[in-house]
Structures are given as C-alpha cells and as structure tokens.
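One-letter residues, chain by chain:
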Amino acid sequence: MDKMINVLEKKLMPLANKISSSKFLNALGKSFQLLLPVIIIGSFACLGAFIDIPAWTSFIEKIGLATILNTLFFVTMKLIAFYLLLVLPYQYGKELEINQISAVIISVMVFLILTPTELFASIPAEWLGHAGLFGVLFVSLFVCRLMWLCKKKNIYIHMPAGMPKIVEDSFASLVPAFLAALIAVIVATILQQTSFGNYHQLVYSIIQMPLMGLGLSLPAYLLMQIFTTLFMFCGIHGSTVTSLFTPLTMAASSENLAALQAGKELPEIFANTFGIVAQVGGIGCILGFTFMLAFRAKSKRLKAVGKIAVVPAIFGITEPVLFGVPIMLNPFLFIPYIISPIVCTLVSYFSYATGIVPKLTGTEVNWTVPPVISGFLSQGWQTAVLQVVLIVITALIWYPFFKLIDKRTCCEEENVEG
C-alpha cells in the first residue's frame, strides 16, 4: 500500500497539478459557479411548470403561474449558452490578464457572426441553449487566446501618453477584434458551402454529440469520479476534473428538462446533479465515517475531529476530515476513500438504468444541500431513499477501517500519556 501511495505521489501529483493549473478549466469552473443562480431558477421553474401532479397543474394554469414558470425556464435554461458567453470570456480573460470587458464584447461579436440568422433579423434560439454550449467554449477560447497573443506580441494600436484609459483599452482591442471578425467571417462563409451549413451545427455534430456519447458513458463517468477522488486524496480539489465534464452534464440536464417539459421519457442518466449520489456526503462519501468519528470514536483526537467536522460534512464539506484525521495521503484509508464513490456510482447508475429509481429531472441543486433533501429536490422521494441506502452502504465500507484507525490512534494516545 505504501508503494501505491508513493506511485500516486510521483505520477498523479504532477498530472493533478498540471490540470489544476489550467487557466481555461479554472475559468470554466468559475463560470458555471457564477451561473448557478440562473441554472437553479431555470431548473426549478421547469419542474414547477411540468411536474406531473394534475391538481398542481390545474392550479398553476388557473392562476396564471404556468406562463410565468414557462417564461422563467425559457429565459434561463433555454438560453444557458448565451449566459455562458457573457461570463466565460470574462473569467478566462481575467486568467490571461487581458481586458475582460473587451474579451466579452469580441466573443459575443464572433459568436453572432458564426450564428446563422433568419433574414438578418433573428437568431435561432437553439444555438443559445445547451446545443450551443461547446460553440461558446471554442469561441471564448479562440478570442481570449487571440487577444492574449496580440498583447504578448505587442500587436495593437498604441495611443499617445495622456489618453484616458478607457480610450486606450478600446483602441488596444481594435486589432484583435478586427482579426477575430475577419477569421469568423471566413469560417462562416466556408461552412455555408458545406453540408453542416454553419459553425454551430459543425461543433454540435462533430464534437458535442460524440463527446456526450463518450463522456456520459458509465466507464467515462466512473473514471471521472475516480480521478476526482484521487485528486482530493492528494490534496488537490477534484472540482478541476469535474469542470471537464460540466458542459456535458449541463447539456444532459437541459435535455432532461426539455423532455420533462415535452412530457417525454427523460433521455440522460448522468445529469449534472448525478454527483449527489455518486459522491453522496461529499467527495469520498465520508458522511457515515464522520458520524462514527463524532459519536463512536474512543480516541479523544478523532472524536474531537469528528465533532468539529460533522456539521460541515452534512453540507458536503469534507476538508475538516480530509486534513484532520488525516485521510489525505493516508495509505490505510485509501481503500474506503476510493472504493466508496465507485460503489455509489455503480449502484446509482443501475438504479436509474433499470428504472428502479426514476432518472434525475435535470433540476439543479447546489452541492451544499444535505443528502436526502438534495435527492428529493433533484428528482423526488425515490432518489432521497437511494441516498439513504448509499450512506448506509458507504458507512459499512468505512466501518472496519474506522475501528482499526480508532484503535491505533488510542494506542498512540496511551503511549504519549504513559
């Protein structure tokens, strides 16, 4: 086991550091965090408008609430790519230390150039929703990198000293804006002559759909959860890994919400909220273990850690246990820490795939919402029960390791006192 931990330190740590230092991934993760209010409002509006309870449906239609909820859903989740277009270039521009406002403006311009319009009057809403998510990613990446390159190579219009900064910034962005527009026009013109017809259809057909098929498969999602847990075990937050999958899981959530709206069968298992069952009780599924520390430990130190950590753990915050026990780089606790999310992911997947538990609606729930409550909000009582079952299973996985580490720590404390 010690040999395995050494390998993780030597091989995994450099990889983890490299991924966690990715400016684009960091910007992408922050962008979706900032969009969480929009996502939550939209997903609950959809749920409220289309939940299959006849009495509720009649009530909201009678008082006019159905129209309001539909409108809220349209201006939030149906336009999620549009919101990302406003936030991601800003965040990525901040990471690259370029003018963030200019990055947003130029990105919007490029996006609109690449988006087909109907008689130059209206923009098809489909490309402003989940189908346009990857289109936004590539536009943001292209524009911000082009601006960064122009700044690095000193390719911009220099203004005389004494000019107001806003004027100086405006002219500094003129060259990359012109280049970005020129490239976008060329790309859009060329793609009009192809079977794809436009940039968004190309990205959606060639990149987004295949990636969703691959990335939202059980092996890929399971691998993501394993790496998330491994990164946390090494002391690097696993959110860096999940940000790679967020555009895919967000698109899956949008598809499920759209299916719910249309009264169709929900198509996707791995909606964005699948993490509430895959990592129930926080990364490593340590909620049961934390309660054991707080209320069953004989070791004074472990009991103290447990009592401090139990409330944060209820809200999915695992760092007090991760660093306090510690679990991080602890060979003895590596087994339950890595196995628990694997078991939870597999049990949850087959529960949804076989229909034992209805699929997640796509309703977004903040990761800090406690288990059972989060399950009920994201799907209903069935997922809440599933979370209880998973907490029991993971507690049983952790139990023998808890007993042994408690015994070992007690011996260490007795030796110190003696």
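Fair warning: this is a prediction, and the values are worked out from it, not measured in the lab.

Conventions used here
Residues numbered from 1 in each chain as written. Predicted model: local features only at pLDDT ≥ 70, side-chain atom pairs only at ≥ 80, totals over all residues. Heavy atoms only, no water. Helix = DSSP H or I, 4+ residues; strand = E, 2+ residues; numbered from the N terminus. Buried < 20%, exposed > 50% of the residue type's maximum accessible area, 1.4 Å probe, protein only. Contact = heavy atoms within 4.5 Å. Areas by Shrake-Rupley, 256 points an atom, 1.4 Å probe, with all protein chains shown as cover. Lys, Arg positive; Asp, Glu negative; His and termini not counted. Charge placed at Lys NZ, Arg CZ, Asp CG, Glu CD. Polar contact = N/O pair within 3.5 Å; in protein donor to acceptor, adjacent residues only side chain to side chain. Axes fitted to C-alpha atoms, helices over the stretch in contact; angles between N-to-C directions. Parallel < 35°, antiparallel > 145°, perpendicular 65-115°, else oblique. Patch = residues over 30% accessible without salt bridge, like charges linked within 9 Å, V, L, I, M, F, W, Y side chains within 5 Å. Salt bridge = Lys/Arg side-chain N within 4 Å of Asp/Glu carboxyl O. Nonpolar A, V, L, I, M, F, W, Y, C, P; charged D, E, K, R; others polar. Expected span 1.5 Å × (residues − 1). Core = buried A, V, L, I, M, F, W, Y, C linked by side-chain atoms within 4.5 Å.

A. Geometry of the overall build of the protein. In terms of regular secondary structure, the protein is built from 20 helices and zero strands. The C-alpha extent of the protein, read off along each of the three principal axes, is 80 × 60 × 40 Å. Every one of the 418 residues in the protein was classed for burial, and the buried ones make up 50%. A separation threshold of at least 6 residues defines the contact pool for the protein, and within that pool the share at least 24 residues apart is 74%. Of the roughly 19,900 Å² of accessible surface on the protein, a fraction of 70% belongs to carbon and sulfur atoms. Positive and negative charge centroids in the protein, built from 25 and 20 side chains respectively, lie 7 Å apart.

B. Quick look at the side chain of Gln387. Mapped onto the secondary structure, Gln387 falls in helix H20 (residues 381–417). For Gln387, a relative accessible area of 1% gives the class buried. A distance of 3.0 Å separates the side chain of Gln387 from the backbone nitrogen of Gly375, its partner in a polar contact. Excluding residues that lie within four positions of it along the chain, Gln387 makes contacts with Ile276, Val277, Val280, Pro371, Val372, Ser374 and Gly375.

C. Looking closely at the packing of helix H4 (residues 54–63) against helix H5 (residues 65–76). Their axes nearest at 5 Å, the elements H4 and H5 cross at an angle of 95°. The angle between the axes of H4 and H5 places the two elements in the roughly perpendicular class. Note on element contacts: H5 touches H4 through Leu65, Ala66 and Leu69, opposite Trp56, Ile60, Glu61 and Ile63.

D. Region of the structure containing a nonpolar patch on the surface. A contiguous nonpolar surface patch, about 590 Å² in accessible area, is contributed by Phe178, Leu179, Leu182, Ile183, Ile186, Val187 and Ile190. Considering the arrangement of structural elements, one finds Ile190 in helix H10 (residues 174–192). With a relative accessible area of 52%, Ile190 lands in the exposed category.

E. A look at the environment of Phe323. Inspection of the secondary structure puts Phe323 in helix H17 (residues 319–324). Phe323 sits in the partly exposed class, given a relative accessible area of 46%. Once the C-alpha coordinates of Phe323 and Val108 are considered, the two residues, 215 residues apart in sequence, prove to be 43 Å apart.

F. Seen up close, the pattern of salt bridges. Throughout the structure, instances matching the rule amount to one salt bridge. Here Lys30 ties to Glu95 by a salt bridge, and the two come within 3.1 Å at their closest N and O atoms. Taken together, the positions of Lys30 in helix H2 (residues 23–34) and Glu95 in helix H6 (residues 80–96) put the pair 65 residues apart, joining distant regions of the chain.

G. The arrangement of the packing of helix H8 (residues 133–152) against helix H11 (residues 199–215) in detail. At a minimum axis separation of 8 Å, H8 and H11 run at an interaxial angle of 110°. The angle between the axes of H8 and H11 places the two elements in the roughly perpendicular class. Mapping the contact onto sequence places Leu133, Phe134, Gly135, Phe138 and Val139 in H8 and Tyr199, His200, Val203, Ile207, Gln208 and Leu211 in H11. Its residues assigned to classes, the contact of H8 with H11 comprises eight nonpolar, three polar and no charged.

H. Spatial organisation of a positive patch on the surface. On the surface, a cluster of positive charge is made up of Lys23, Arg145, Lys152 and Lys153. Within the element layout of this structure, Lys153 appears in the loop between H8 and helix H9 (165–172). Assessed through its relative accessible area of 52%, Lys153 is described here as exposed.

I. Spatial organisation of helix H18 (residues 334–353). When the terminal C-alpha atoms of H18 are compared, their 29 Å separation across 20 residues agrees well with the 28 Å that a helix rising 1.5 Å per residue should span. Those residues of H18 not exposed but buried are Phe334, Pro336, Tyr337, Ile338, Ser340, Pro341, Cys344, Thr345, Ser348, Tyr349, Ser351 and Tyr352. Looking one or two residues beyond H18, the residue adopting positive phi is Gly355, at roughly 85°.

J. Geometry of the environment of Glu95. C-alpha of Glu95 to C-alpha of Phe24: the two residues are 71 residues apart in sequence and 7.8 Å apart in space. Once you skip the residues sitting within four places of it in the chain, Glu95 turns out to touch Lys23, Asn26, Ala27 and Lys30.

K. Main features of the nonpolar core. Core analysis: the biggest nonpolar cluster contains 84 residues, and Leu84, Val110, Phe274 and Tyr352 have the highest contact counts within it. Top element by residues in this core is H8. It accounts for ten residues. Apart from the residues within four sequence positions on either side, Tyr352 is in contact with Ile269, Phe274, Val277, Val357, Pro358, Lys359, Leu360, Thr383 and Leu386. Ranked by size, the runner-up nonpolar core spans 25 residues in total, among them Ile327, Ile338, Trp398 and Phe402.

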